[in-house]
Amino acid sequence: MTYQSTSNCGCQATDLTLSKANRAEIYTLSTSGLYLRNSFTVYGSINCLLTLRPSNSPTDHLFITTDHNDYFTVSWDRERDTIRNERTAQDVADRFLRDAPGGPRYIADPGGRMLGVHVYEGLFLAIPFVLAKKGRRKTTSKGEIGNLDEHSAIRMKELMIIDIAFLYGTDVPVLAILHRDGKPETAQLSTYQVIKSGGVCELQEWEIKHSNLEAAAKMLIPLPESLGGVLVVGEHMVVYLSALGESARTVKSPLVEPTVFQAWGMVDRQRYLLGDEVGKLKMLFLELDEDDKIVHIKVETIGEVSTIIIHHHYIRNLTSMRRPQPPIR
C-alpha cells in the first residue's frame, strides 16, 4: 500500500481507499472487518488520494494525482455500483521547472474551498471549488457548484519549502509555509491568504509569522477551529503559534530526547499521533486551561512498529500506515 484515504461512497457506508502503484482499491468498513468493494487502474503511479464533498453530491469524490503530474476526480455511481469519472485528467506537468526540494505536497482546505498542489520549486497550484456566482450576468449551474474549478498557478518567493498546510477556521483559505532561506541555522514560518479575483488566485500575507524556528523543524500540524493556529514540530522542540486575532500566543515545549518525526495523524483536537524515523509511535497531547487555551504540549512514546512510518491516518479505532516502496519500472 502506498496511499490511503477514507471516504463515503454510499448512503451510510464508510470506505477505505488504498493505492497500490497504478491501482486503487475501495474497501468498505463493517463490523466484521474490511471487504473489497471495487478496484480500478489509472495511467501512471498514484501520488495522492484526497477526498472532497461537492455541495450538490450525496457522496465524497476522490481527488487523484499521478507521477505524470496530472490530476482527476472520480465518484461512486450507486445505480451502476461502480466508479464514475467526474473531472477528466488535467495535465500540470512542466519540464522546465525544478522539482520541489522537500518533495510533492497535496493538501486540502479544511473549509472545503480549495485544494493545493506543490510539486515544483517556487510554484503553488491552487484548485478552487466552483462557487455560486452573484450577479445577473454570470450564473453557475447547480450541477457545477462544489466541483473543481480551473487551476491557477501562483509564484512563491519561498523556494526551500519544508512543509505546507491549510489552516482551520479562516474566512478565506490560508496557507502556512514552513521554509528555509539563506540562514541555515533557522527555519521560518509564513502564512498567506489565497485570494481568487477575476479567475486568478494570488497570495496575500497573513498574520502568523515566525522567523526564528529551529533549523530542524520538520512538520506543520494545523489545529481545528476550536483551538486555531498551527503546531511546528522539530527535532528538539514543538512550537504552537496562534493567530493574532486571538491575541497572538506562542507556546514552546522542548522534547525529552531529539527525535526525527516523519508523520502525524489527528486522533482528536487534543491528541495527535506522531511517527519517527526508527518506527516509534508517540502521542502529542495539548494541555488546555479553563479558557480552552493551550498552555503546555506533552509528547510521550506509546509503542513501536516493525517499520519506519512515513504516513499514518487515524480511522476511529484503526491506524493505517504507508510504507516506502521501490520505484516502479
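Scroll up to find the structure this text is about.
The following refers to the structure shown. Please read these numbers as outputs of a predicted model, since none were measured by experiment.

Reading the values: rules and limits
Residues numbered from 1 in each chain as written. Predicted model: local features only at pLDDT ≥ 70, side-chain atom pairs only at ≥ 80, totals over all residues. Heavy atoms only, no water. Helix = DSSP H or I, 4+ residues; strand = E, 2+ residues; numbered from the N terminus. Buried < 20%, exposed > 50% of the residue type's maximum accessible area, 1.4 Å probe, protein only. Contact = heavy atoms within 4.5 Å. Areas by Shrake-Rupley, 256 points an atom, 1.4 Å probe, with all protein chains shown as cover. Pairing = 2+ DSSP bridges. Axes fitted to C-alpha atoms, helices over the stretch in contact; angles between N-to-C directions. Salt bridge = Lys/Arg side-chain N within 4 Å of Asp/Glu carboxyl O.

1. Quick look at the overall build of the protein chain
Moving on, step 1. Secondary structure summary: the protein chain contains zero helices and 27 strands in total.
Moving on, step 2. By residue count, 47% of the 329 residues in the protein chain fall in the buried class.
Moving on, step 3. A separation threshold of at least 6 residues defines the contact pool for the protein chain, and within that pool the share at least 24 residues apart is 42%.
Moving on, step 4. Carbon together with sulfur atoms contributes 48% to the accessible area of the protein chain, which is approximately 17000 Å² in total.

2. A look at unusual backbone geometry
Moving on, step 1. Its identity as a non-glycine residue notwithstanding, Ala21 has a phi of 60°, on the positive side.
Moving on, step 2. With respect to the helices and strands, Ala21 occurs in the loop between strand 2 (14–20) and strand 3 (23–30).
Moving on, step 3. Here the phi dihedral of Asn69 falls at roughly 60°; this positive angle occurs in a residue that is not glycine.
Moving on, step 4. Within the fold, Asn69 resides in the loop between strand 6 (61–66) and strand 7 (70–77).

3. Digging into the sheet that holds strand 11 (residues 123–128)
Moving on, step 1. Read from one edge of the open sheet, four strands run 9-10-11-12, paired in antiparallel fashion. Unpaired on one side and paired on the other, strand 9 (105–108) and strand 12 (152–155) mark the two borders of the sheet. Between one strand axis and the next, the sheet turns by 20° as a mean value, whatever way the strands run.
Moving on, step 2. Note: strand 11 against strand 12, four bridges, orientation antiparallel. By the bridge assignment, Leu125 is partnered in strand 12 with Ala153.

4. Things to note about the pattern of salt bridges
Opposite charge on two side chains makes pairing possible when the charged atoms of those side chains draw close.
Moving on, step 1. Counted by the stated rule, this structure contains 14 salt bridges.
Moving on, step 2. Of the charged contacts, one joins Arg84 and Asp77 as a salt bridge, the two residues approaching to 3.6 Å between their closest N and O atoms.
Moving on, step 3. Here Arg84 falls in the partly exposed class, since its relative accessible area comes to 36%.
Moving on, step 4. One salt bridge connects Arg113 with Asp109, and the closest N-O pair in it is separated by 2.7 Å.
Moving on, step 5. Overlapping salt bridges, with partners in common, bring together Lys20, Arg23 and Glu25 in one network.

Any functional reading would require information that these geometric values do not contain.
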